[in-house]
Amino acid sequence: MTAETPQDDKCPICLKPFVPYPMGEKNDFNFVACRACGSVMVMPWMTDAQREQYFGEIEPQITHVPNPDAEIAVRKKMIERVMPNPAGKKFLDGFSQQGYGVMAAKSLGMKAHGIDPHEFFTEFSRSKFGEELFDNESAMEHAETHAGQYDFIYLQEAFSVQTHPDAFAAALKKLLAPDGLIYIEEPDGNHWNLPGKFILWPIVFPPINFCFTARKALAALLRRNGLVVTKTLWSWRPFSKLVVKHKG
């Protein structure tokens, strides 16, 4: 798959003919849902230039969340749930942000690394946890030099910020070792427990995030890029929690 901007006449997630219906406006961005798959997204589709302009204007100053140790503990527990006995395995946080996933994996004895396309996140995590543990790269860039290297890829709210979702999924397939696993935790735009008014969901904040994939549509996107969902974890919160591996 190429990294071209998705076509306006097809849903960027399910690729079926796009028949949208309105979901409201926030921060001057219009949200619509795809009638075919239920995913919710901004339309017109987000561009890299829009996001770069936004971050350039606000100049983000990254800080720790109120309880970093608790965030690390939550990730540690999930890694152990998905991959028992993870010590010695190669781990990649594909959207590492403040670095908590990497520190969770490191505490489990994994060979842990994190990547993030945002320089401000990478600078923060390097300053707090070690320069050698993080790279300022997208998954697509990292896949060019690290194909097939990771036994476990961890992703939290990564697809909701992807302007080229198919290219991102293809990069994950390339990065994953033959018997490796991916854990994906993603806000679900078609979850049964969504707020009654979508734009009031606190997690929705374009242009920081802008696409909220329905669980089945995300599974289909992964499948067409060579990955398959092997397990779906139940979530009361409006999130998809998926365990993924190579297809076939």
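### Here we look at the overall build of the protein
A tally of helices and strands in the protein yields seven helices and eleven strands. Against the compact-globule benchmark of 18 Å for 248 residues, the protein has a radius of gyration of 17 Å, which places it among compact chains. In the protein, buried positions account for 53% of the 248 residues. Partitioning the contacts of the protein with sequence separation of at least 6, the portion at a separation of at least 24 is 64%. Distance from the positive charge centre (27 side chains) to the negative charge centre (29 side chains) of the protein: 11 Å.

### Quick notes on the sheet that holds strand β11 (residues 239-246)
Reading across the sheet, the seven strands line up as β6-β5-β4-β7-β8-β11-β10 and stay open at both edges, with mixed pairing between neighbours. Among the strands making up the open sheet, the edge pair consists of β6 (134-135) and β10 (227-233). Where strand β4 (residues 90-93) meets strand β5 (residues 111-115), four bridges bridge the pair, whose relative direction is parallel. Directly across from F91, in β5, lies its bridge partner A112.

### Some points on the sheet that holds strand β2 (residues 29-34)
Strand order across the open sheet formed by four strands is β1-β2-β3-β9, with antiparallel pairing between neighbours. Because the sheet does not close on itself, it has two edges, and the strands there are β1 (20-26) and β9 (211-212). Where β1 and β2 come together, six bridges link them in antiparallel fashion. Across the sheet, E25 pairs through a bridge with N30, a residue of β2.

### Focus: the packing of aromatic side chains
Within this structure, the stated rule accounts for 15 aromatic pairs. With 5.3 Å between their ring centres and 45° between their planes, F120 and F121 make a pair best called tilted. Given a relative accessible area of 18%, F120 falls into the buried group. The exposure class assigned to F121 is buried, which follows from its relative accessible area of 12%. Ring-pair connections join several aromatic residues into one group, and the members of that group are F31, F198, W201, F212 and F239. Over the ring of Y150 we find K90, and its NZ or CZ is 5.6 Å from the ring centre.

### Quick word on the environment of K106
Following the sequence through the fold, K106 ends up in helix α3 (residues 100-107). On the accessibility criterion, K106 (44% relative accessible area) is partly exposed. In sequence terms K106 and G180 are 74 residues apart; their C-alpha atoms lie 17 Å from each other. In this view, K106 contacts A112 and L133; residues no more than four positions away in its chain are not counted.

### Side note on the pairing of β4
If a strand is regular, its side chains alternate between the two faces of the sheet. Regarding the hand of the β-α-β motif, the stretch spanning β4, α3 and β5 is right-handed. Pairing geometry for β4 and strand β7 (residues 150-156), over three bridges, is parallel. Bridge assignment links D93 to a residue of β7, and that residue is Y154.

### As for the nonpolar core
Counting residues in each nonpolar core, the largest one holds 52 residues, and the members touching the most others are M41, I153, L155, F159, I182 and I184. Excluding residues that lie within four positions of it along the chain, I153 makes contacts with L92, L172, L175, L176, L181, I182 and Y183. Counting residues in hydrophobic clusters, the runner-up holds 22 residues, among them L108, L133, Y154 and Y183.

Calculation criteria
- Residues numbered from 1 in each chain as written.
- Predicted model: local features only at pLDDT ≥ 70, side-chain atom pairs only at ≥ 80, totals over all residues.
- Heavy atoms only, no water.
- Helix = DSSP H or I, 4+ residues; strand = E, 2+ residues; numbered from the N terminus.
- Rg over C-alpha atoms; globule rule 2.2 N^0.38 Å.
- Buried < 20%, exposed > 50% of the residue type's maximum accessible area, 1.4 Å probe, protein only.
- Contact = heavy atoms within 4.5 Å.
- Lys, Arg positive; Asp, Glu negative; His and termini not counted.
- Charge placed at Lys NZ, Arg CZ, Asp CG, Glu CD.
- Pairing = 2+ DSSP bridges.
- Phe/Tyr/Trp six-rings, centres within 6.5 Å; stacked < 30°, edge-to-face > 60°.
- Lys NZ or Arg CZ within 6 Å of the ring centre and 35° of its normal.
- Right-handed = clockwise from strand over helix to strand, strands pointing away.
- Core = buried A, V, L, I, M, F, W, Y, C linked by side-chain atoms within 4.5 Å.

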